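Take a look at the letters that make up each chain.
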Amino acid sequence: MKANTWRTLQLGFVGLFTLILSGCGDIEVSDQIKQDGFIFCGQGTPSSFNPQLVDNDIAAEALGPQIFNTLVHLSNKDLELEPMLATKWTVDESGTIYQFDLRRDVSFQTTDWFTPTRQLSAQDVVFTFERIIDSRHPFHYVSGGTYPWFEAIGFKRILKQVKAIDEHTVQFELFKPDNTFLTNLSTTYSSIHSSEYANQLVARDQKQDIDQFPVGTGPFYLDQFSVNDYIRLRRNPDFWGTPAKMEQVVLDITSRGTGTLAKLLRSECDVLFSPRSSQIPTIQAHPDLVLQAYPSMNVAFIALRTLNPALNDARVRKALNLAINRDAIIDSVYYGYGTSAYSILPPESWAYQNDSSQVRYDRNYARALIREAGYGTGLELSLWVALEPTAYNPSPRKVAELLQSNFADIGVKLNIYLDERLSRSTFQSVAEADMILTGWNADTSDPDNFFRPLLSCGADRAGLNIASWCNPDFDALIDIAKETNQKRHRFNLYRQAQNLLNEEVPIIPIAHGMQFQAKHKSLQGFDASPFNTLSFENVERSK
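Keep in mind that this is a model prediction, so the values were computed, not measured.

Counting secondary structure elements, the chain contains 20 helices and 21 strands. Expected size for 543 residues packed as a compact globule is a radius of gyration near 24 Å; at 24 Å, the chain falls within 12% of this value. Taking as baseline every contact in the chain between residues at least 6 positions apart, the subset at least 24 positions apart corresponds to 71%. Working note: accessible area of the chain is about 20,900 Å², and carbon and sulfur atoms make up 48% of it.

Rendered as structure tokens:
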């Protein structure tokens, strides 16, 4: 089926799917889904199906792991690197040459818009990464030419070149040693794409389809999609690994909030991802539902815009930090499933440092700092809040209201501005924002994955450093830490980086949350990941 025909047909599925999910339509169709699959609620419409192009989006969290594979991955059990599309790899003595041997039994998915004629080769890996780093690549500027995650970690300054040694061997050359490189290849953003599919799109002059009609090697392929309505994934019969246990997965992307909870309670959804904290008691009380809480490498924080003259004063930033009653936020919002944040790093990180002397609740000291900074008669600031619940913040509105109360105690009036869905890139365009309530879900277990994408000068240049904070001393610390292989030295460098953040306070850490998921009791096999990515291949329904 041609892509143009597919665009025409996809609209025809809307009415059918409305009946499936309405609760008053064709029950037999709904029962069929529950016989050989399940319905997943709690995600928005993807901006793209290519994880390379998004930043903490459904394409990276829920869709990417089903459709695509990476060269390596981190095991859920001990977070150790394991082979995926690569069977093994070597690193030379200089630490700059990485060579991967590829599996020889991997086929790309057969879809309505693509039928592969060959298996995975080194050319597919070369295509995938050259598109990102080479501005002359024919696909680099397709879909905008922006690769948020890679730009935030400065990937173009890491990877010098990638080349095929032979059909099943690929080599990466780095500019200098980088011990985060392998873990970066394990993220869903490093998913491998088909160069054969890309060549066909070039011949048809439809290059943009590569990001909207995806082709990967994962356990599921995209079958149907209707914007703001639903996404249907089907089991990939040619998957190189163990076949998925379910024939299909349907993602209901029509709404969020109480609407999705109502669907879960009426059995119109089987799974609700990242429910709001206020919904947890209702879920726990339902006899057919199970609430799952997974450890998650994340942090909720306030980014401070130092362009505001008041926030350019470190005393004011420290005062706001000291004014926050984190324990009250944990009790009121996280229902006992969160922990107070004393660092941008979560307690599970091997470089974590609990500096309770710098990050603590001390209203009196906060008031003194505000007076010392010259704002004893009052200060007015704005806080922008993304309302979408996340693992790091299950109820952003409630947290904002608690912060408003905390800041009022020290003479700071906080005006709250709410938005349904904001991203790091859109935050940068909100010039009038003094502060932004947001957070971060880690993509790897390496501490660099917190520091660099959020606070480095490179992330600032890429427009993804929400605080717009660039400190050369901080960058020097994390750069050296990335190049040394001595874990003890890395720990000391990251401790210095955390001390610098506590002194400068470009962001205020608030809490670390758990990843919540509510499901029907008949479903099992959801693989827990601390990186907020989802895997559906082992999910099955008990009889």
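After presenting the structure, the write-up continues.
Within the structure shown, the criterion is met by six cavities of 30 Å³ or more. The space that makes up the largest cavity amounts to roughly 100 Å³. Surrounding the largest cavity, N321, Y342, S343, I344, Q498, L501, N502, V505, I507 and P509 form its lining. Secondary structure elements with two or more residues in the lining of the largest cavity: α20 (487–504) and β18 (507–512). Ranked by residues supplied to the lining of the largest cavity, first place goes to α20 with three residues. Looking at the lining of the largest cavity residue by residue, the classes come out as six nonpolar, four polar and no charged. Forming the walls of the second largest cavity are F273, Y294, Q515, Q517, F526, D527, S529, N532, T533, L534 and S535. Here the residues of the lining of the second largest cavity sort into four nonpolar, six polar and one charged.

What follows is about the sheet that holds strand β6 (residues 159–166). If you walk across this open sheet you meet the four strands as β4-β5-β7-β6, and the pairing is antiparallel. Edge positions in the sheet fall to β4 (86–91) and β6, since each of these pairs with one other strand and no more. When the angles between neighbouring strand axes are averaged without regard to direction, this sheet yields 20 degrees. With six bridges joining them, β6 and strand β7 (residues 169–174) adopt antiparallel strand pairing. Residue pairing across strands places Q161 opposite E173, the latter belonging to β7.

All told, the structure shown has 26 aromatic pairs when counted by the stated rule. Measuring from ring centre to ring centre gives 5.5 Å for F127 and F139, while their planes differ by 80 degrees; the resulting arrangement is edge-to-face. Taken as a pair, F127 in helix α5 (residues 122–133) and F139 in the loop between α5 and α6 (148–152) lie far apart in primary sequence, twelve residues in all. With a relative accessible area of 8%, F127 lands in the buried category.

Conventions used here
Residues numbered from 1 in each chain as written. Predicted model: local features only at pLDDT ≥ 70, side-chain atom pairs only at ≥ 80, totals over all residues. Heavy atoms only, no water. Helix = DSSP H or I, 4+ residues; strand = E, 2+ residues; numbered from the N terminus. Rg over C-alpha atoms; globule rule 2.2 N^0.38 Å. Contact = heavy atoms within 4.5 Å. Areas by Shrake-Rupley, 256 points an atom, 1.4 Å probe, with all protein chains shown as cover. 1 Å grid on protein atoms, 1.4 Å probe; cavity = no way out; pocket = protein on both sides within 12 Å on 5 of 7 lines; lining within 4 Å. Points joined across faces, edges and corners; volume = space filled by probe spheres on them. Nonpolar A, V, L, I, M, F, W, Y, C, P; charged D, E, K, R; others polar. Pairing = 2+ DSSP bridges. Axes fitted to C-alpha atoms, helices over the stretch in contact; angles between N-to-C directions. Phe/Tyr/Trp six-rings, centres within 6.5 Å; stacked < 30°, edge-to-face > 60°. Buried < 20%, exposed > 50% of the residue type's maximum accessible area, 1.4 Å probe, protein only.

Any functional reading would require information beyond the geometric quantities listed.
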